[in-house]
Amino acid sequence: LGALYSNIDYAGTVFAFTWMLVGIVPTLGSEPTESDMITWALWRLLMTLIGTLGNMVVATFVFPTFAFEKLNGETAHELMAQSQLVSMAVEQLCAVEKGPSVNPDDKRIESGDEFFKSSDYRYQLLPDAKAEGLVLNKTAFIDETTRAVIGSQYDIDMMGRSAMVAHTNIADCTRQIADPTISLLLDPLRESLHKVAVALNDSSSKMALKILDQSKRGHKDSGSFELADQSSQVNVEMQRALDIFVARREVMLSGEKKNLENWASAIQGGLYGLFHSLYTLRVFVDEWVHMETRILNLKPATRRSRALTGAPQELVRDISKATRH
């Protein structure tokens, strides 16, 4: 009956079997002596100890199921969920034509649900995975990628928050943006923002494959996964989009063809929402690039200011000429 209580659980069953073997079975047919009772008790203790040790050996070396392996899988799943959450919002913004859009695609809600479910499960796995990491850190069970995953859990948490903030701001911008902001600022950004979304999804797929494919982890001869001479394409595409936005803004405010009336109209059409969307997207991308560099062994990216200032002057001149014509 003790096994029916959650606080006792399996110990109740073990106690019942032990009581049967030590206290009742020896008394059947004869009167046991004190020596017999001690012998039966020691025999039961020895069998339990052998069974426990045997189970540990089998579970560890024959059919191992480690929490850090599950954490690897859930981390890969969450990275893809974060990427999908942000890239889907970016694609919806790029798809806006006339605006304001009253009801963006409800798939973003499903994506958010997946993100929260994945995050909750990862939290449950983290304590056991850290304990296994401490015990098995110097063994072949823990490779460099797994160490990076376990050590990056706080960064993944922070990146998840940034993903939610970016998603919310971009979704709000999608609902509110209208002309002339669309024609003056969003249209020049569509292609670059689309490339950011594509690069995010591609990056998440590469990281997930690196984390999940055991044959590609922790080996210096892992071929395509050793990308120390390559930089983050996500960072490159994000910076291009920011440069275009800043250049367009400089042309409107201080270029030869500056038009403050258009700028004022753009503010009414949701310019600030677009600005906040780009800013929060940049914050998320910065954290994503840090994670991507760590997992894929990329060349460290050079971070530029998040203030959305200082577009290359040649880009400003090109846009100014295009506007003039």
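I will try to describe carefully the structure that is included in this document. (Residues numbered from 1 in each chain as written. Predicted model: local features only at pLDDT ≥ 70, side-chain atom pairs only at ≥ 80, totals over all residues. Heavy atoms only, no water.)

**Let's talk about empty space enclosed by the protein**
Under the criterion given, the structure shown has one cavity of 30 Å³ or more. As a volume, the largest cavity reaches approximately 40 Å³. Lining the largest cavity we find V90, L93, I170, L193, S277, L278 and L281. Residue assignment for the lining of the largest cavity shows that the elements contributing at least two residues are α3 (67–94) and α10 (271–296). It is α10 that contributes the most residues to the lining of the largest cavity, three residues altogether. When its residues are assigned to classes, the lining of the largest cavity shows six nonpolar, one polar and no charged. (1 Å grid on protein atoms, 1.4 Å probe; cavity = no way out; pocket = protein on both sides within 12 Å on 5 of 7 lines; lining within 4 Å. Points joined across faces, edges and corners; volume = space filled by probe spheres on them. Helix = DSSP H or I, 4+ residues; strand = E, 2+ residues; numbered from the N terminus. Nonpolar A, V, L, I, M, F, W, Y, C, P; charged D, E, K, R; others polar.)

**Let's talk about the side chain of R190**
Within the element layout of this structure, R190 appears in helix α7 (residues 181–212). Among the polar contacts made by the side chain of R190, one reaches the main-chain carbonyl oxygen of V96 at a distance of 2.6 Å. Looking at R190, its side chain comes within polar contact range of the side chain of D187, at 2.7 Å. The contact partners of R190, leaving out residues within four places of it in the chain, are L93, C94, A95, V96, E97 and I182. (Polar contact = N/O pair within 3.5 Å; in protein donor to acceptor, adjacent residues only side chain to side chain. Contact = heavy atoms within 4.5 Å.)

**Side note on the environment of C173**
Among the secondary structure elements, C173 is positioned in helix α6 (residues 153–176). The spatial distance from the C-alpha of C173 to the C-alpha of A89 is 9.8 Å, given a sequence separation of 84 residues. Apart from residues lying up to four places away in sequence, C173 is in contact with L93, G273, L274 and S277.

**Re the side chain of T181**
The residue T181 is located in helix α7 in this model. Among the polar contacts made by the side chain of T181, one reaches the main-chain carbonyl oxygen of G269 at a distance of 3.4 Å.

**Observations regarding the packing of α3 against α7**
Contact geometry of α3 with α7 gives a least axis separation of 9 Å together with a crossing angle of 170°. In terms of their interaxial angle, α3 and α7 are classed as roughly antiparallel. Residues that form the contact of α3 with α7 fall into these classes: 15 nonpolar, 10 polar and two charged. (Axes fitted to C-alpha atoms, helices over the stretch in contact; angles between N-to-C directions. Parallel < 35°, antiparallel > 145°, perpendicular 65-115°, else oblique.)

**Considering unusual backbone geometry**
Of the consecutive residues D179 and P180, the connecting peptide bond is found in the cis state with omega at 10°. Within the secondary structure layout, P180 lies in the loop between α6 and α7. Its identity as a non-glycine residue notwithstanding, N297 has a phi of 60°, on the positive side. Its location among the elements puts N297 in the loop between α10 and α11 (313–324).

**Remarks on α7**
The terminal C-alpha atoms of α7, which comprises 32 residues, lie 43 Å apart, in line with the 46 Å expected from a rise of 1.5 Å per residue. Along its length, α7 shows its largest kink, about 50°, at R190. (Expected span 1.5 Å × (residues − 1). Bend = angle between axes of the 7 residues up to and from the residue.)

**Focus on the packing of aromatic side chains**
Counted by the stated rule, this structure contains two aromatic pairs. Measuring from ring centre to ring centre gives 6.3 Å for F245 and F275, while their planes differ by 50°; the resulting arrangement is tilted. Pair noted here: F245 is in helix α8 (residues 233–254) and F275 is in helix α10, with a separation of 30 residues, a long-range link. In this structure F275 comes out as partly exposed when scored by relative accessible area, which is 24%. The lysine or arginine in question, R122, covers the ring of Y123, its NZ or CZ lying 5.4 Å from the ring centre. (Phe/Tyr/Trp six-rings, centres within 6.5 Å; stacked < 30°, edge-to-face > 60°. Buried < 20%, exposed > 50% of the residue type's maximum accessible area, 1.4 Å probe, protein only. Lys NZ or Arg CZ within 6 Å of the ring centre and 35° of its normal.)

**Focus on α10**
Between its first and last C-alpha, α10 extends 36 Å over 26 residues, near the 38 Å set by a 1.5 Å rise per residue. Positive phi shows up at N297, right after α10, with a value of about 60°.

**Let's talk about the pattern of salt bridges**
Inspection of the entire model under this criterion finds 10 salt bridges. The salt bridge partner of K206 is D202, with a shortest N-O separation of 3.5 Å. One end of the pair, K206, and the other, D202, are both in helix α7, four residues apart, so they sit about a helical turn from each other. Residue class for K206 comes out partly exposed when judged on its relative accessible area of 37%. Several salt bridges share partner residues, and in doing so they unite E78, R122 and D157 into one network. (Salt bridge = Lys/Arg side-chain N within 4 Å of Asp/Glu carboxyl O.)

**Re the packing of α3 against helix α5 (residues 144–151)**
Packing of α3 against α5 brings their axes to within 10 Å, and their N-to-C directions diverge by 70°. Between α3 and α5, the crossing angle belongs to the class labelled roughly perpendicular. Here F68, L71, N72 and T75 of α3 lie close against α5, whose contacting residues are T146, V149 and I150. Residues of the contact of α3 with α5, tallied by class, amount to four nonpolar, three polar and no charged.

**Description of the environment of Y123**
Summarising the element assignment, Y123 is placed in helix α4 (residues 107–136). Between the C-alpha atom of Y123 and that of E74, which follows or precedes it by 49 residues, the distance is 9.7 Å.

**Quick look at the nonpolar core**
The nonpolar side chains of a soluble globular protein tend to be buried with one another. Of all hydrophobic cores here, the largest spans 53 residues; its most connected members are L193, L274, L281 and F284. When residues of this core are traced back to their parent elements, those giving at least two are α3, α5, α6, α7, α8, α9 (260–268) and α10. When residues in this core are grouped by element, the largest group, 13 residues, is from α7. Sequence-distant contacts of L281, that is, excluding residues within four places in its chain, are made with V86, V90, A166, I170, L193, V196 and M238. Formed by 10 residues, the second largest nonpolar core is a distinct cluster that contains F68, A129, L136 and I150. (Core = buried A, V, L, I, M, F, W, Y, C linked by side-chain atoms within 4.5 Å.)

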